[in-house]
Amino acid sequence: MLPCLRHASLGAGVLALALAAAAPAHADLIYVLNSTDPSIVKIDTRTGEEVQRIDSLREVHHLVLSPDRKELLIADSSGNEILFVEPATGTVLRRERISNPYHLDFTPDGRLLVVASLRRGQVDIYDANGPRLLDRFRAGNKPSHIAFSPDSRFAYITIQGDGTVMAIDLQERRILWQANVGPEPAGILWHRGRLIIGIMGRDYFAVMNPETRQVESTIRVGRGAHTVFASPDGKTLWATSRVQSRIAEIEPDTLQVRRIHEVPGGPDCIAFAPDGAVWATLRWAGRIARLDPASGEVSTIRVGRSPHGIFVQPRAIQ
Amino acid sequence: MFKLFDDWHTQLTGWIFEAFLQPVLYATDLMNIADEMLEWVDFTLFSIFGIIVTYIVCRPLEAWRPVEPVTDRRAIRTDIIYTLLARLGIFPLLAFILLAAIQSRLEGMLADTGFVSPTLESIFPFLHQVPLLTFFIYVVILDFGEYWRHRLQHSIGWWWALHSIHHAQRQMTFWTDDRNHILDEVIAALWFGTIALLIGVSPAQFPLLLLLMRLVEAFSHGNIRLSFGRIGERLLVSPRFHRVHHGVLSVAEHGRNYAVLFPVWDWMFLTADFSRQDYPRTGDPEAPESLATGGWLVQQWVGFKRMMGAGKPSL
């Protein structure tokens, strides 16, 4: 009757047992942003237990590690602030007033912080050391996710409500172009000279050439294609589909789907643990999933309502 | 226990969304409002829970100590329709989509001026550490806002024309709380939402806050012979306190006991009536009969016509 409920409670039990039995030599910390709770929870992967909860926020969606890896920036869109958290301890170091931050990322050279404001239709460019607002661009209906060219010259933003991708020249501070890509584009990734874009209104990721602005091919993963992440070793691209509830392994050279994992609950953002596990937030199930790429086993942990952003902080060996 | 309920609520919300709503959104290229729709399902389930809690609390008390016998069940049925429409139906759905869009636009305009709206916690950072105190402060501020909205409903001609639908009920029960004209509901939502936005009510606390306020409001409308005593009457709105407000002598600008939760506002602004033994007859003697006994549609239409024909403000 309630398949996701049954799966989740079983999964949670299995995970707790597995974690207790395995008792790895080191335990990582996982930060999860519960967007409608709203709260940030910190999970100890050794026990699967919540070890810290930061409350009194409004609507946390995305997070990013600072270039020096000393601060975790957590964007609270309705709260109009970014929290700066020490990733090793979970201590809130400071809170900065920022206009409606939804998705955010640093340029690869670490000099700029780009913030997309989904509900206010703007993209803001900040000096990464402030953050101090340098420029604001009107960006249409629902600017969503951000990617950069490796030389930090260009930012690419999906505009969810318009079905387009926008390119901003960060050096000249101007909008270069805007190109149609498909209904409700969401996640975006720069990959070997191409942009891979999740088309949420369809069942595929679009592969766009930013030079020609043409979609050259598509990668079918399942309905509601959402976000895509490169594994730290570069050997796999991991893509989620929220409607069909799938996580897909994609071969980075050929962009062929290598394997599909059925993960009920609307998988969204992904983070990678040093032990190779893939952690994903399940937006509709209030849980995070741990996917073992070797065995394909999936287990879950209860975290809060509508979990979105996720980050794994490796811990030193104990 | 709360965690268990919260988890159950989350899972049920997710299941309804995934099984029924998301496929429709996907098929109609509306995936970009998925978040709003999830919140609507969340809200609707919470509202159903709120109605059940209200019924469990109020119905036995109405049966045990009624102020008056039930003689007009049809009028009560109309009030039940009001409740279902207000809490579960199309109005909250529209509010989630339209108000969210309006809010975004307003915030966008504000953002362009460089202004970033503050929250209570950003003004008083220590409140981050004491969410219970923050919650109480939110309740007090919102209740203060509700007191003044209610006073204006009684003193502005066109607004009273709408609000008199609420007062026309002669067979008051806890269902009467939601007996309001749609336009009155929209204004109330904007009023409440604006204040909540200005002080930055946390989304986590919003459902609890609504549940609490609606429970007290429904309870205060109950057909219950109950006073909270000399001190209690001054701390929290009781069925007796609010029945005086619905009395036939308390219509329009002659209103008394406007408070929704805390009578202190009436006390402070000299509109309180603490005569404890008084359980007056309710209704609006000046309202047309259709406002008291007509169906939902008739009342909405008559209320609208009266609003259009209302005279100038009589402050």
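Here, the structure is the one placed above.
The present account deals with the structure reproduced in this document.

The rules behind these values
- Residues numbered from 1 in each chain as written.
- Chains lettered and ligands numbered in written order.
- Predicted model: local features only at pLDDT ≥ 70, side-chain atom pairs only at ≥ 80, totals over all residues.
- Heavy atoms only, no water.
- Helix = DSSP H or I, 4+ residues; strand = E, 2+ residues; numbered from the N terminus.
- Buried < 20%, exposed > 50% of the residue type's maximum accessible area, 1.4 Å probe, protein only.
- Contact = heavy atoms within 4.5 Å.
- Areas by Shrake-Rupley, 256 points an atom, 1.4 Å probe, with all protein chains shown as cover.
- Pairing = 2+ DSSP bridges.
- Axes fitted to C-alpha atoms, helices over the stretch in contact; angles between N-to-C directions.
- Patch = residues over 30% accessible without salt bridge, like charges linked within 9 Å, V, L, I, M, F, W, Y side chains within 5 Å.
- Salt bridge = Lys/Arg side-chain N within 4 Å of Asp/Glu carboxyl O.
- Core = buried A, V, L, I, M, F, W, Y, C linked by side-chain atoms within 4.5 Å.
- Phe/Tyr/Trp six-rings, centres within 6.5 Å; stacked < 30°, edge-to-face > 60°.
- Lys NZ or Arg CZ within 6 Å of the ring centre and 35° of its normal.

Here we look at the overall build of chain A
And step 1. Tallying secondary structure elements over chain A gives one helix and 28 strands in all.
And step 2. Among the 318 residues that make up chain A, the fraction classed as buried is 61%.
And step 3. Relative to all contacts within chain A whose residues are 6 or more apart in sequence, the contacts with residues 24 or more apart total 39%.
And step 4. When the accessible area of chain A is evaluated, it comes to approximately 11400 Å², of which 49% is carbon and sulfur surface.

Considering helix 7 (residues 157-167) of chain B
And step 1. The buried count for helix 7 of chain B comes to ten of eleven residues, which makes it a mostly enclosed element.
And step 2. Where helix 7 of chain B is concerned, the buried positions are Gly-157, Trp-159, Trp-160, Ala-161, Leu-162, His-163, Ser-164, Ile-165, His-166 and His-167 of chain B.

A word on the sheet that holds strand 19 (residues 214-220) of chain A
Residues and elements named next belong to chain A.
And step 1. The strand order 16-17-18-19 describes an open sheet built from four strands, whose pairing is antiparallel. Looking at which strands have only one partner, the edges of the open sheet turn out to be strand 16 (185-191) and strand 19. Ignoring which end each strand starts from, the neighbouring axes of this sheet average 25° apart.
And step 2. Strand direction decides the pairing type here: strand 17 (residues 194-199) and strand 18 (residues 204-209), joined by four bridges, are antiparallel. Its bridge partner being in strand 18, Gly-198 is matched across the sheet by Phe-205.

Here's the deal with the pairing of strand 12 (residues 143-148) of chain A
Residues and elements named next belong to chain A.
And step 1. In terms of burial, strand 12 is largely enclosed, as six of its six residues are buried.
And step 2. Inspection of the sheet shows strand 12 paired to strand 13 (residues 154-159) by four bridges, in the antiparallel sense. Each residue of the ladder has a partner; that of Ile-146, found in strand 13, is Ile-157.
And step 3. In this antiparallel pair of consecutive strands, strand 12 and strand 13, the connection spans five residues, and Ser-152 shows a positive phi of 65°.

Here we look at the sheet that holds strand 12 of chain A
Residue and element names in this part refer to chain A.
And step 1. Across the sheet, which stays open at both edges, the four strands sit in the order 12-13-14-15 with antiparallel pairing between neighbours. Each of the sheet's edge strands pairs with one partner strand only, and the pair in question is strand 12 and strand 15 (174-180). On average, each strand axis in the sheet is inclined to that of its neighbour by 25°, with strand direction left out of account.
And step 2. Direction of pairing for strand 14 (residues 164-169) relative to strand 15: antiparallel, over a ladder of six bridges. Residue Ile-168 lies in a different strand from strand 15, and its bridge partner there is Ile-175.

Here's the deal with a nonpolar patch on the surface
Residues and elements named next belong to chain B.
And step 1. A surface patch of nonpolar side chains, about 570 Å² in accessible area, is lined by Ile-123, Phe-124, Phe-126, Val-130, Leu-133 and Phe-136.
And step 2. Looking at where Val-130 falls in the secondary structure, it is placed in the loop between helix 5 (120-123) and helix 6 (131-155).
And step 3. For Val-130, a relative accessible area of 33% gives the class partly exposed.

Notes on the nonpolar core
And step 1. By size, the foremost hydrophobic cluster in this structure holds 22 residues, and its most contacted members are Leu-142, Val-201, Leu-209 and Leu-261 of chain B.
And step 2. Mapped onto this core, the elements with two or more residues apiece are helix 6, helix 8 (182-199) and helix 9 (206-221) of chain B.
And step 3. When sequence neighbours within four positions are dropped, the list of residues in contact with Val-201 of chain B reads Arg-58 of chain A together with Tyr-138, Leu-142, Ala-196, Phe-206 and Leu-209 of chain B.
And step 4. In this structure, Trp-284 of chain A together with Met-31, Met-37 and Val-41 of chain B belong to the second largest nonpolar core, which totals 17 residues.

Quick look at the packing of aromatic side chains
Residues and elements named next belong to chain B.
And step 1. Scanning all chains against the criterion turns up 25 aromatic pairs over all chains.
And step 2. Here a set of aromatic residues connected by ring pairs shows up, and it is made of Phe-144, Tyr-147, Trp-148, Tyr-258, Trp-265 and Phe-269.
And step 3. Between the NZ or CZ atom of Arg-225 and the centre of the ring of Tyr-279, over which it lies, the distance is 4.8 Å.
And step 4. Sitting over the ring of Trp-267, Arg-234 keeps its end group 5.7 Å from the ring centre.

What about the pairing of strand 8 (residues 103-106) of chain A?
Residues and elements named next belong to chain A.
And step 1. Bridge count for strand 8 against strand 9 (residues 112-117) is four bridges, and the pairing is antiparallel. The residue of strand 9 that forms the bridge with His-103 is Ala-116.
And step 2. With antiparallel pairing between neighbouring strands as the criterion, strand 8 and strand 9 make up a hairpin whose turn holds five residues, including Gly-110 at a positive phi of roughly 75°.

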